[in-house]
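Single-letter residue listing:
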Amino acid sequence: MSPRNPRVQCSLYHISTKQECEAFLFLIVGFILNTSDNITESEENYWSRTEKSVLAPILTTEMVLGVLGNGLVLIVKVVCKDHFHCLYWLPLFSLTLSDFLCSILIICGSLLAMLSEGQISPWCEVVNLLKFTFITSSIGSIAILCVQRYMGIPSKGKKLSVLMAVACVASWCTGAIFGAVPVVYDWIKYDPAEMLCAVFWESSYSDMLVYILCAFSISIFIPFLLIISCSILSCAGYGKDCSSPGDLSSITPLLVILYLLCYAPFAASELVLLGRLDLTPSPGWLRSLSSVMAYLDCGLNPFIYCTNKDFRKAVLILFWNKRRSAFPHPVLTSITRLEI
């Protein structure tokens with residue numbers, strides 16, 4: 001039956017007047033559109049629930065590993081520092097502190113945002129600022145560690161160690177400065193794919209290009225070149241590393257490999273954004289992967305520390321001393337003399 005002949009269709013339902021026929025057809029079309037919308041919404045809700053059921057346990061695991069693991073590493077570095085050797089302790093301490101704060105503030109905030117489907121201001125802007133600060137401080141700390149091992153500069157005892165300390169502080173400040181720029185220009189809004197507030201470009205391509213190139217060149221690219229060059233030269237035997245074989249800084253190659261692996265999706269996401277002149281963001285799955293992998297780096301770093309034999313002994317000593325303090329030895333308070 002031809003859909004172009006409404007009179008024939010309306011006559012099937014015993015509708016005679018033109019107004020009633022048009023109203024009837026309007027109701028049918030509206031019903032069909034509402035049905036299709038409901039099907040689309042149900043599919044979106046299904047995938048949203050599925051994604052949430054998968055990502056929630058992953059984020060929870062990464063948060064627990066990051067908070068407990070990095071918290072334990074910080075305690076061991078402060079309390080049991082005499083039980084293991086660490087010639088280049090300053091960048092390692094900065095890296096652990098960055099991972100610990102990221103686990104508490106960023107991963108926890110991302111998990112809550114996913115469960116509540118959003119973040120409110122001003123926490124939204126604070127999260128974006130802190131996220132870039134922790135990323136920059138992490139790669140900066142690893143770069144300083146690689147430079148110190150290559151040049152043989154300990155974290156104390158030499159004048160150049162002061163320069164290394166200033167560089168660690170500068171990596172934190174640089175991340176805070178570049179993280180504050182999108183907040184000042186109001187480029188921040190919640191991104192369900194990243195599960196936290198992120199930068200969305202609604203102005204011009206030139207603004208986005210200038211910001212990303214400046215931020216990546218200063219905060220990411222320069223430390224990346226230092227990491228690669230110093231690691232290659234150290235492996236080739238040109239370095240002046242004066243640490244002992246059992247020094248905690250021996251885990252540096254593992255830290256470098258894990259960091260580059262975990263932050264590769266983040267770099268790919270930014271490169272995809274640079275290639276899109278219409279300012280559309282990178283695919284949602286890539287943004288989600290970049291967040292999950294970046295959080296994974298915070299959770300796995302404590303396990304890399306424990307690959308060092310002396311550091312594992314320091315952890316055991318910490319728990320053993322706590323156990324001994326919980327069950328003190330009996331103290332002899334008096335002697336009773338027995339006469340035979």
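Our structure is the block above this text.
For clarity, every value in this text was computed on a predicted model and none was experimentally measured.

Definitions and limits used
Residues numbered from 1 in each chain as written. Predicted model: local features only at pLDDT ≥ 70, side-chain atom pairs only at ≥ 80, totals over all residues. Heavy atoms only, no water. Helix = DSSP H or I, 4+ residues; strand = E, 2+ residues; numbered from the N terminus. Buried < 20%, exposed > 50% of the residue type's maximum accessible area, 1.4 Å probe, protein only. Contact = heavy atoms within 4.5 Å. Areas by Shrake-Rupley, 256 points an atom, 1.4 Å probe, with all protein chains shown as cover. Core = buried A, V, L, I, M, F, W, Y, C linked by side-chain atoms within 4.5 Å. Axes fitted to C-alpha atoms, helices over the stretch in contact; angles between N-to-C directions. Parallel < 35°, antiparallel > 145°, perpendicular 65-115°, else oblique. Left-handed = near helix turned anticlockwise from the far one by under 90°. Nonpolar A, V, L, I, M, F, W, Y, C, P; charged D, E, K, R; others polar.

**Structural notes on the overall build of the chain**
From N to C terminus, the chain includes 10 helices and two strands. Secondary structure elements in the chain, listed N-terminal to C-terminal, are α-α-α-α-α-β-β-α-α-α-α-α. Within the chain, buried positions represent 40% of all 340 residues. Residue pairs in contact within the chain that sit at least 24 positions apart in sequence constitute 79% of those at least 6 positions apart. Looking at the chain as shown, the accessible area adds up to about 19,600 Å², and 69% of this sits on carbon and sulfur atoms.

**A look at the nonpolar core**
Counting 52 residues, the largest nonpolar core has V76, W201, I212, L248, Y305 and F311 as its most contacted members. In terms of residue count, helix α4 (residues 123–151) provides more of this core than any other element does, nine residues in total. Excluding residues within four positions of it along the chain, Y305 makes contact with V73, K77, L92, L95, T96, L248, I251 and F311. Formed by 18 residues, the second largest nonpolar core is a distinct cluster that contains L59, M63, M114 and M195.

**Observations regarding the packing of α4 against helix α6 (residues 205–235)**
Packing of α4 against α6 brings their axes to within 8 Å, and their N-to-C directions diverge by 30°. With respect to each other, α4 and α6 are oriented roughly parallel. Considering how the two elements wind past one another, α4 and α6 form a crossing that is left-handed. Two secondary-structure elements touch here, α4 through F132, I135, T136, I139, I142, A143, C146, V147 and Y150 and α6 through A215, S219, I220, P223, F224, L226, I227, C230, S231, L233 and S234. Classifying every residue of the contact of α4 with α6 by side-chain character gives 16 nonpolar, four polar and no charged.

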